[in-house]
Amino acid sequence: MKKNAELFFPLLLVLFLLPGCMGNEEIENVLVGTWKNMSYQTGNWEKITFREDLSYRLETYSGTTYQTSVISGTYRYDEEQFILEERMGNDYAFSYSVSGDSLFTMGKIYLRQ
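Residues numbered from 1 in each chain as written. Predicted model: local features only at pLDDT ≥ 70, side-chain atom pairs only at ≥ 80, totals over all residues. Heavy atoms only, no water.

Enquirer: Describe unusual backbone geometry, and please don't skip the residues or the numbers.
Expert: Trans peptide bonds make up the majority, and among non-glycine residues the majority have a negative phi. Here leucine 54, not a glycine, exhibits a phi torsion of approximately 65 degrees, which is positive. Counting through the fold element by element, leucine 54 comes out in the loop between β2 (45–50) and β3 (55–62). For leucine 54, a relative accessible area of 33% gives the class partly exposed. For methionine 106, which is not glycine, the phi torsion reads 55 degrees and is therefore positive. One can find methionine 106 in the loop between β7 (102–105) and β8 (108–112). For methionine 106, a relative accessible area of 28% puts it in the partly exposed group. (Helix = DSSP H or I, 4+ residues; strand = E, 2+ residues; numbered from the N terminus. Buried < 20%, exposed > 50% of the residue type's maximum accessible area, 1.4 Å probe, protein only.)

Enquirer: Which residues make up the pattern of salt bridges, and what values go with them?
Expert: Between side chains of opposite charge, a pair can form when the charged atoms approach closely. Per the stated rule, a full pass over the model turns up 5 salt bridges. Glutamate 85 is the salt-bridge partner of arginine 76, the closest N and O atoms lying 2.2 Å from each other. Among the ionic pairs, aspartate 101 bridges to arginine 112, the shortest N-O distance being 3.5 Å. Taken together, the positions of aspartate 101 in the loop between β6 (91–99) and β7 and arginine 112 in strand β8 put the pair 11 residues apart, joining distant regions of the chain. The class for arginine 112 is partly exposed, based on a relative accessible area of 32%. Through salt bridges with shared partners, a single network forms among Arg76, Glu85 and Asp91. (Salt bridge = Lys/Arg side-chain N within 4 Å of Asp/Glu carboxyl O.)

Enquirer: Give me the pairing of strand β5 (residues 81–86): which residues, what numbers.
Expert: With 5 bridges joining them, strand β4 (residues 67–77) and β5 adopt antiparallel strand pairing. Within β5, the position partnered with tyrosine 77 by the bridge is phenylalanine 82. Remark: 4 residues form the turn of the hairpin made by β5 and β6, two consecutive strands paired antiparallel; glycine 89 in that turn has positive phi of roughly 100 degrees. (Pairing = 2+ DSSP bridges.)

Enquirer: Please provide a residue-by-residue account of the environment of lysine 36, values included.
Expert: Locating lysine 36 in the fold gives a position in strand β1 (residues 33–38). Residue class for lysine 36 comes out partly exposed when judged on its relative accessible area of 24%. With 76 residues separating them in the primary sequence, lysine 36 and arginine 112 have C-alpha atoms 6.5 Å apart. Leaving out residues up to four positions away in the same chain, lysine 36 has contacts with Trp45, Glu46, Lys47, Ile109, Tyr110, Leu111 and Gln113. (Contact = heavy atoms within 4.5 Å.)

Enquirer: Break down the sheet that holds β7 for me, citing the residues and quoting the values.
Expert: Taken in spatial order, the 8 strands close into a barrel running β1-β2-β3-β4-β5-β6-β7-β8, and their pairing is antiparallel. Across the sheet, the mean angle from the axis of one strand to that of its neighbour is 35 degrees, orientation sign disregarded. Note that β3 and β4 share 8 bridges and pair antiparallel. Within the sheet, the bridge partner assigned to arginine 57 lies in β4 and is serine 72. (Axes fitted to C-alpha atoms, helices over the stretch in contact; angles between N-to-C directions.)

What follows is the structure, encoded as structure tokens:
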């Protein structure tokens, strides 16, 4: 009986501590940084910057009209998609994957700058 009691208390301790160790892990934000996609045929480019504070800035340039536009706001993300939240209340969801210095999203490849 004494051997059972000696095994019971350490086992009980492990059972109480184990759930605390398995708490909610925060997903690493692999999006943080500046990413750029460029079309050498048209001269168009897009540059998106994801910040750690969950804000973003999307800058697009048209090589045809020589005009730049900027959209900014906040974003949220999980392991499969990010959602751009514009200040005007529109949300846009995009699936993504990151491999090394390449971001695959919106049907394009963005390179880390």
